[in-house]
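Report on the structure
One-letter residues, chain by chain:
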Amino acid sequence: MATTPRYDSQADWYLDYTRNWGAILSDHLPQSLTGRRVLDLCCGYGTLSRTLAERGADVVGVDLSIRLIERARQLQESAPAVISYLVGDAATTDWWDGRPFDLVISNMALMDVDDLDGVLTSVRRVLAPSGRFTFVLFHPCFPGDGRARPSWPDGGYSQEGWWTTGEEGVRGHVGAHHRMLSTYLNAVTGAGLTIDRVTEPPAPVPTLLIADCRPDRSEPVG
Ligand SMILES: C[S@@+](CC[C@H](N)C(=O)[O-])C[C@H]1O[C@@H](n2cnc3c(N)ncnc32)[C@H](O)[C@@H]1O
């Protein structure tokens, strides 16, 4: 499946819009990651990568957007931690050096990827046998809150696909995919990953979905 880079043309807007945002997964992940090899998949400009590196991890950040990776590298120049940032498509493993990761993270990005099965196959492939995969996304079972952060297209929950409002927020400027919960869960298990735990952080309606996964004992798919 072809992958469309969408963030490069919106990079200036995105950097400004998110400049005060922290990474949602920061609180969910271990405080100490010393000696762990961690992949921040679809890392954007490295908001979570920097936190992981500060916790002692050896971090690789991969993103499709050349402009966001350039910004991540600039930010690293003023920070002590060394992170390896790569421009690459998460639906392939062309960027991978073959050394397995103890932890793969995806912070608010699976709804941005075009080829979900391809990305999850990559995750399964690069994970160490004892590795973990943690992702967070907008909870797909709720319609969102207004024009800035709507989750569902006009056709409602069952209408899957990439869509944009053309108005505010990431949905309006960049667009994103809507997929049903079953699509995400079946894609994760179909890629040879077992879901250990699902978390819905407290909110009036659950706006986020976090999942902690590990490789199946069976052979990787692909
Ligand atoms: C909403 S941003 C989140 C960025 C980052 N994880 C964060 O939390 O700040 C989604 C990111 O996914 C990236 N992305 C989308 N499809 C991708 C793909 N196939 N491979 C790598 N990165 C991809 C985009 O370029 C964008 O940086």
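Residues numbered from 1 in each chain as written. Predicted model: local features only at pLDDT ≥ 70, side-chain atom pairs only at ≥ 80, totals over all residues.

**What to know about unusual backbone geometry**
Positive phi values are uncommon outside glycine, yet Cys 42 reaches one of about 65 degrees. Positionally, Cys 42 belongs in the loop between strand E1 (37-41) and helix H2 (47-54). Among the residues examined, Cys 42 registers 24 C-beta atoms within 10 Å and is labelled buried. (Helix = DSSP H or I, 4+ residues; strand = E, 2+ residues; numbered from the N terminus. Buried ≥ 20, exposed ≤ 12 C-beta atoms within 10 Å, placed from the backbone.)

**Some details on the sheet that holds strand E5 (residues 127-138)**
Pairing is mixed in the open sheet, where seven strands are placed in the order E3-E2-E1-E4-E5-E9-E8. At either margin of the open sheet sits one strand with a lone partner, and together these are strand E3 (83-87) and strand E8 (193-199). Recorded for the sheet is a direction-independent mean angle of 20 degrees between the axes of neighbouring strands. In this structure, E5 lies alongside strand E9 (residues 208-215), joined through six bridges in antiparallel fashion. Across the sheet, Phe 133 pairs through a bridge with Cys 213, a residue of E9. Against the sheet, helix H3 (residues 66-77) engages strand E2 (58-63) and E3, with an angle of about 165 degrees to E3. (Pairing = 2+ DSSP bridges. Axes fitted to C-alpha atoms, helices over the stretch in contact; angles between N-to-C directions. Contact = placed C-beta atoms within 7 Å.)

**Observations concerning the environment of Asp 27**
With respect to the element layout, Asp 27 can be found in the loop between helix H1 (11-17) and E1. Asp 27 sits 103 residues away from Ser 130 along the chain, and the two C-alpha atoms are 22 Å apart.

**Structural notes on the site of the ligand**
Around the ligand, a shell composed of 22 residues is seen, among which Cys 42, Gly 44, Leu 64, Ala 90 and Asn 107 lie nearest. Only H2 and E2 provide two or more residues apiece to the shell around the ligand. Here the residues of the shell around the ligand are counted per class, giving 14 nonpolar, five polar and three charged. (Near = placed C-beta within 6 Å. Nonpolar A, V, L, I, M, F, W, Y, C, P; charged D, E, K, R; others polar.)

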